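Okay, here's what each chain looks like letter by letter:
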Amino acid sequence: MKADPKLIEAIANILWPIIVMVIAIMLVPLIRKIIINASEIKFKVGDYEFTATKQTIEVFIKPILNELDDSVTLLNDRQKELFLEIYNKIYINEEEVILPQSFERDSEYHKDLRALRNVNFIRPYLGGKWNTGKRIEVKNFGVLAARLKAKELKSKNNNAQQGA
């Protein structure tokens, strides 16, 4: 008995979608596993876009971003404004920031400097105590904060002045 070409074509037309569906169903768990365990992820923080493994994000980047958030939250508006002023003088205007002759220990200004030091944003140049004539340096964590958390660091007063 000879096979009818039209019958073979009809069976092929019916079978190929079934075969593709069976293969797709068999591959769904594998595809899902690949998506879940993607080796690289692109994400954006502020104006910066990064590519990293999920493990790198969970182990290294997420804790740093959480610490940045916590640090910014601990500061009051005056301290945020002072930090941005120091950062801008050093990194935008390329000026040194030196404690003035009028600097007094335990003054509000000194307390603000301590608060910024406690969140690891600034320190006296090469460490030590805050003293008259001592240069202020912005630590790497402070640079990261200024670049990634600029909106959060702008005080309400600062935002109101800019809007006026």
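In the block above lies the structure referred to throughout.
Described below are features of the structure shown in this document. These numbers were taken from a predicted model, which means no experiment stands behind them. Along each chain, numbering runs from 1 in the same order as the chain's sequence is written. In view of the model being predicted, local features appear only for residues whose pLDDT reaches at least 70, and side-chain atom pairs are presented and counted only at 80 or more, with totals across whole chains, interfaces and linings using the full set of residues. As a rule here, side-chain values come from all non-hydrogen atoms in the structure, and water together with hydrogens is ignored.

Quick look at the overall build of the protein chain
Line of reasoning, step 1. Note on conventions: DSSP H or I runs of at least 4 residues are helices, E runs of at least 2 residues are strands, and numbering of each starts at the N terminus. For the protein chain, the count of helices and strands is seven helices and five strands.
Line of reasoning, step 2. Counting from the amino terminus, helix and strand elements in the protein chain follow one another as α-β-β-α-α-β-α-β-β-α-α-α.
Line of reasoning, step 3. Scored against the burial criterion, the 164 residues of the protein chain give a buried share of 26%.
Line of reasoning, step 4. Only heavy atoms matter for contacts: two residues are in contact if any of them lie within 4.5 Å across the pair. Contacts in the protein chain between residues at least 24 apart in sequence constitute 52% of all its contacts with a sequence separation of at least 6.
Line of reasoning, step 5. In this description, accessible areas are obtained by the Shrake-Rupley approach with a 1.4 Å probe, and a residue is regarded as covered only by the protein chains that are shown. A total of about 11,900 Å² of accessible surface is found on the protein chain, and carbon and sulfur atoms cover 57% of it. Relative accessibility decides the category of a residue: with a 1.4 Å probe and only protein chains considered, values under 20% of the type maximum give buried, values over 50% give exposed, and everything between is partly exposed.

Brief notes about the side chain of His110
Line of reasoning, step 1. Tracing the chain through its elements places His110 in helix α4 (residues 108–118).
Line of reasoning, step 2. A relative accessible area of 1% places His110 in the buried class.

Some thoughts on the pairing of strand β5 (residues 135–138)
Where a strand is regular, its side chains alternate between the two sheet faces.
Line of reasoning, step 1. Of the pairings in the sheet, the one linking strand β3 (residues 97–98) to β5 comprises two bridges and is antiparallel in character. Bridge assignment links Val97 to a residue of β5, and that residue is Ile136.
Line of reasoning, step 2. Any two strands with at least two DSSP bridges between them are considered paired. The pairing of strand β4 (residues 122–124) with β5 spans three bridges and is classified as antiparallel. Bridged to Arg123 within β5 is Glu137.

A short note on the sheet that holds β5
Line of reasoning, step 1. One open sheet holds the three strands; their spatial order is β3-β5-β4, and the pairing between them is antiparallel. Bordering the open sheet on either side are β3 and β4, each of which pairs with just one other strand.
Line of reasoning, step 2. Throughout, an axis means a line fitted to C-alpha atoms (over the contacting stretch in the case of helices), and angles, computed between N-to-C directions, take values from 0 to 180 degrees. Packed on one face of the sheet, helix α3 (residues 77–92) meets β3, β4 and β5 and runs near 90° to β5.
Line of reasoning, step 3. Strands β4 and β5 of the sheet are contacted by α4, whose axis makes an angle of about 120° with β4.

A short note on α3
Line of reasoning, step 1. Given the number of residues in a helix, its expected span is that number minus one, multiplied by 1.5 Å. Taking 1.5 Å per residue, 16 residues should reach 22 Å; α3 reaches 21 Å between its end C-alpha atoms and fits that length.
Line of reasoning, step 2. All buried positions along α3 are accounted for by Gln79, Lys80, Leu82, Phe83, Leu84, Ile86 and Tyr87.
Line of reasoning, step 3. Side-chain atoms alone can form a polar contact between residues adjacent in sequence; in general such a contact is a pair of N or O atoms within 3.5 Å, and within protein one must be able to donate a hydrogen while the other accepts it. The distance from a side-chain oxygen at the start of α3 to the backbone nitrogen of Arg78 is 3.0 Å, and the residue carrying that oxygen is Asn76.
Line of reasoning, step 4. Just downstream of α3 lies Glu94, where phi reads positive at about 55°.

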